[in-house]
Amino acid sequence: MPAPQRCLSRDQVARHCREHDFAEGRRATTVGLELEWLTLDRSGQRLRLEDAEAVIAEVSPRITGGRLSLEPGGQIELSTFPFPDVALACAAAAADLLALDRACAARGIGLVALGQDPVRAPERVVTAARYRAMESYFDALGPAGRTMMCNTAALQVNLCLGDPARQVERWRLAHQIGPALIAAFANSPFAEGAPTGWQSSRLRTWWTLDPSRSAPVPIDGDPAERWLRYILDARVMLIRVGDDDFRALRRPMTFGQWLDQGHELGFPTIDDLVYHLTTLFPPVRPKGWLELRMFDALPTPFWHVATAVAVALLEDPDTAAATGEAVAGTAGLWIDAARLGLAHPLLASAASRCFELAIESLERQRADSLAGVVAAYHDRWVARGRSPADDRLDAWHRDGTLWPPRASPVPYAVDLDFSAVLP
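Here the residue numbers are simple positions, counted from 1 along each chain's written sequence. For this predicted model, a pLDDT threshold of at least 70 governs which residues receive local features, and a threshold of 80 or more governs which side-chain atom pairs are given and counted, while totals over whole chains, interfaces and linings are taken from all residues. Values shown for side chains rest on all heavy atoms present in the structure; no hydrogens or waters enter the calculation.

J.: Outline the overall build of the chain, listing residues and values.
T.: Regarding its fold elements, the chain presents 18 helices and 11 strands. This radius of gyration counts C-alpha atoms alone. The globule rule is 2.2 Å times how many residues there are, raised to the power 0.38. For 423 residues, the compact-globule estimate of 2.2 N^0.38 gives 22 Å, and the chain sits close to it at 21 Å. Its C-alpha atoms give the chain principal-axis dimensions of about 60 × 50 × 45 Å. For every accessible area listed, the method is Shrake-Rupley and the probe measures 1.4 Å; residues are considered covered only by the protein chains on display. In the structure as shown, the chain presents an accessible area of about 17,000 Å², 51% of it carried by carbon and sulfur atoms. The distance from the centre of the 44 positive side-chain charges to the centre of the 53 negative ones in the chain is 3 Å. Secondary structure elements follow DSSP: runs of H or I no shorter than four residues count as helices, runs of E no shorter than two count as strands, and numbering proceeds from the N terminus. Note that His is not counted, nor are the chain ends; the positive residues are Lys and Arg, and the negative ones are Asp and Glu. Charge positions come from single atoms, namely NZ of Lys, CZ of Arg, CG of Asp or CD of Glu.

And the structure:
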């Protein structure tokens, strides 16, 4: 909460960035996942808050150490612990998803893996004070904020910063591969009952809502310095004046301005800085590890594929070098990737080469099961210049279908080894 006089300097903010967001990483790989789903009740409406909370409470004791949470529009999110390799991370998430899926099916709750709700108007079901204030802040900017909060769902891959000698390279490469990964895994072509003209309508929404907090971080120069500038230039969304009292700042004020000039509610403290960081949403965010936030929500086993490809491209030094060459012409095509997907010829070529490199890396690591699903995805979509969004558009052209058919992960479970993560 704010202080009555200035107590935080720019040097302290910079030190926090280096010591927390870009702290020296572990040399061993760690991988964590966050998966979101849109939810439906039996009639296709949003879940009531009490129904969503009940299923989360029922399943939470049965998952493998991760966490279930509820997003503002009733989306359910599963977050895993970090695991020492990608296969274990995927197996843990899949095991927990089975428990969640079975409980939801028994209650008539549908889990839908789409990046953006194709039909429903955004409606907040979570009543927390923080979300009320967020809604107020975004409403002053336009409708995209409510849509982001209530109607979008994503896959997030968390990867350690790794060997300090390679942190700058990994930070830059994570951004450089972003457009190709967006194009390959786009899965949200609809909004308000019709095609939007974008393969990833979710990213269109995110990048519309407030560019000061959702645009990519520039990658030239020192990463920590660039991140510091991003933090200072981003608008302050909320000021907390009590545990349940959040004030939305509808008049623009950057964090740097708040730091230097203060506000009628006070000057920022280190806790206010930490909270400000949670309101920044670039597609790659440093948090003591790297959060890869560019993926639309994906059904099983597609999220295994996205995770395996991202980790393989970034973790293996030999693969990383070749990957940088593969995406050299597409590194800045964020908007084109979200709008056109693999219909963009440069992105199609880069994505195909990235998949080939990922498959080779997974085979070298003897991750044969993951290599197989990545190869199958490549052959079915990427090699044909398609993504899951194209399948959804085909279904809409054929019969007007906007929601995908229910696709339980249970049948796929026989192909996965959960023995290492099941209690």
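J.: Residue-level account of the pattern of salt bridges, with values.
T.: Just to be clear on terms, a salt bridge is a Lys or Arg side-chain nitrogen sitting within 4 Å of an Asp or Glu carboxyl oxygen. For the structure shown, the criterion picks out 28 salt bridges. One salt bridge connects Lys 287 with Glu 291, and the closest N-O pair in it is separated by 3.7 Å. Two residues, Asp 316 and Arg 364, come together in a salt bridge whose shortest N-O distance is 2.4 Å. With Asp 316 in the loop between α13 (302–315) and α14 (317–326) and Arg 364 in helix α16 (residues 345–364), this residue pair connects regions lying 48 residues apart in the sequence. Type-normalised accessible area, obtained with a 1.4 Å probe on protein chains alone, sets the label of each residue: buried when under 20%, exposed when over 50%, and partly exposed for intermediate values. Using a relative accessible area of 15% as the deciding quantity, one classes Asp 316 as buried. Three or more residues are tied together by salt bridges with common partners; here these are Arg 124, Glu 135, Asp 139 and Arg 146.

J.: Just give me the short version of the environment of Gly 400, but keep the residues and values in it.
T.: With respect to the element layout, Gly 400 can be found in the segment after α18 (388–399). A sequence separation of 388 residues divides Gly 400 from Gln 12, and the C-alpha atoms of the two residues are 55 Å apart.

J.: Describe the pairing of strand β11 (residues 289–296), naming the residues involved and giving the relevant values.
T.: In terms of burial, β11 is a largely internal element, 7 of the 8 residues being buried. Whether two strands pair depends on DSSP finding at least two bridges between them. Here 3 bridges tie strand β10 (residues 284–286) to β11, and the two strands are oriented antiparallel to one another. Its bridge partner being in β11, Arg 285 is matched across the sheet by Glu 291. Hairpin connection from β10 to β11: 2 residues lie between these consecutive antiparallel strands, with Gly 288 at a positive phi of about 85°.

J.: Could you give me a rundown of the packing of aromatic side chains, with the residues and numbers involved?
T.: For this analysis, a ring pair means two rings from Phe, Tyr or Trp (six-membered ring only for Trp) whose centres lie within 6.5 Å, classed as stacked if their planes differ by under 30 degrees, edge-to-face if by over 60, and tilted for the remaining angles. One pass over the full model with this rule turns up 15 aromatic pairs. Ring centres of Phe 190 and Trp 396 lie 6.4 Å apart, and the angle between their planes is 45°; this geometry places the pair in the tilted category. With Phe 190 in strand β6 (residues 190–191) and Trp 396 in helix α18, this residue pair connects regions lying 206 residues apart in the sequence. Taking relative accessible area as the criterion, Phe 190 reaches 2% and is therefore assigned buried. Its relative accessible area of 28% is what places Trp 396 among the partly exposed residues. Both rings, one in Phe 355 and one in Tyr 377, keep their centres 5.8 Å apart while their planes meet at 15°; by these two values the pair is stacked.

J.: Explain helix α7 (residues 178–185) to me, and be specific about the residues and the numbers.
T.: Most of α7 is tucked away: 8 of the 8 residues are buried. Within the span of α7, buried status applies to Gly 178, Pro 179, Ala 180, Leu 181, Ile 182, Ala 183, Ala 184 and Phe 185.

J.: Give me the lowdown on the nonpolar core, citing residues and values where you can.
T.: Here the nonpolar core consists of buried residues drawn from Ala, Val, Leu, Ile, Met, Phe, Trp, Tyr and Cys, with membership extended through side-chain atoms lying within 4.5 Å. Counting 130 residues, the largest nonpolar core has Phe 185, Phe 295 and Trp 303 as its most contacted members. In this view, Phe 295 contacts Ala 154, Leu 155, Val 157, Leu 181, Phe 185, Arg 202, Ala 306 and Ala 310; residues no more than four positions away in its chain are not counted. Whether two residues are in contact is decided by their heavy atoms: any pair within 4.5 Å suffices.

J.: Pulling in residues and values, what's your account of unusual backbone geometry?
T.: In this chain, Thr 300 is followed by Pro 301 through a cis amide linkage whose omega measures 0°. You can see Pro 301 is positioned in the loop between β11 and α13. Even without being a glycine, Glu 192 presents a positive backbone phi close to 55°. Mapped onto the secondary structure, Glu 192 falls in the loop between β6 and β7 (194–195).

J.: Tell me about the environment of Asp 245, and name the residues and values.
T.: When you line up the elements, Asp 245 lands in strand β9 (residues 245–248). You can call Asp 245 partly exposed: its relative accessible area is 28%. For the pair Asp 245 and Ile 335, spaced 90 residues apart in sequence, the C-alpha to C-alpha distance is 36 Å. When residues no more than four places from it in sequence are discounted, the contact partners of Asp 245 are Ile 239 and Arg 240.

J.: An account of the packing of α7 against α16 is needed here, citing residue identities and associated values.
T.: Where helices are involved, their axes are fitted lines through C-alpha atoms of the stretch in contact, as for all axes, and angles between N-to-C directions lie from 0 to 180°. Where α7 contacts α16, the axes come no closer than 9 Å and their chain directions differ by 90°. On the basis of their axis angle, the class for α7 and α16 is roughly perpendicular. Contacts from Pro 179, Ala 180, Ala 183, Ala 184 and Phe 185 in α7 reach Leu 347, Ala 350, Ala 351 and Phe 355 in α16. Grouping the amino acids of the contact of α7 with α16 by side-chain chemistry returns 9 nonpolar, no polar and no charged. We call two directions roughly parallel when the angle between them is under 35 degrees, roughly antiparallel when it is over 145, roughly perpendicular when it lies between 65 and 115, and oblique otherwise. Here the nonpolar group is Ala, Val, Leu, Ile, Met, Phe, Trp, Tyr, Cys and Pro; Asp, Glu, Lys and Arg are the charged ones; every other residue, Gly included, is treated as polar.

J.: Give me the state of the cysteines: which residues, what numbers.
T.: Covalently bonding the sulfur atom of one cysteine to the sulfur atom of another cysteine gives a disulfide. Note on terminology: pairs of cysteine sulfur atoms within 2.5 Å are recorded as disulfides. Here the structure, examined in full by the defined rule, presents 0 disulfides. Cys 104 takes part in no disulfide bond, and the closest cysteine sulfur to it belongs to Cys 150, at a distance of 19 Å. Of the residues examined, Cys 104 reaches a relative accessible area of 1% and is grouped as buried. Its sulfur unpaired, Cys 354 is 18 Å from the next cysteine sulfur, which belongs to Cys 90.

J.: How would you summarise the pairing of strand β2 (residues 67–70) if you had to cite specific residues and measurements?
T.: Pairing geometry for β2 and strand β3 (residues 76–79), over 4 bridges, is antiparallel. Bridge pairing links Arg 67 to Ser 79 in β3. What sits between β2 and β3 in their antiparallel hairpin is a turn of 5 residues, with Gly 74 showing a positive phi close to 95°.

J.: Got a sec to walk through the side chain of Ser 201? Specific residues and values, please.
T.: Following the sequence through the fold, Ser 201 ends up in helix α8 (residues 201–209). On the basis of relative accessible area, Ser 201 is assigned to the buried category, the value being 0%. Discounting residues that sit within four places of it in the chain, Ser 201 has contacts with Gln 116, Ser 188, Pro 189, Phe 190 and Thr 196.

Everything listed here is a matter of coordinates, which is why it stays silent on function.
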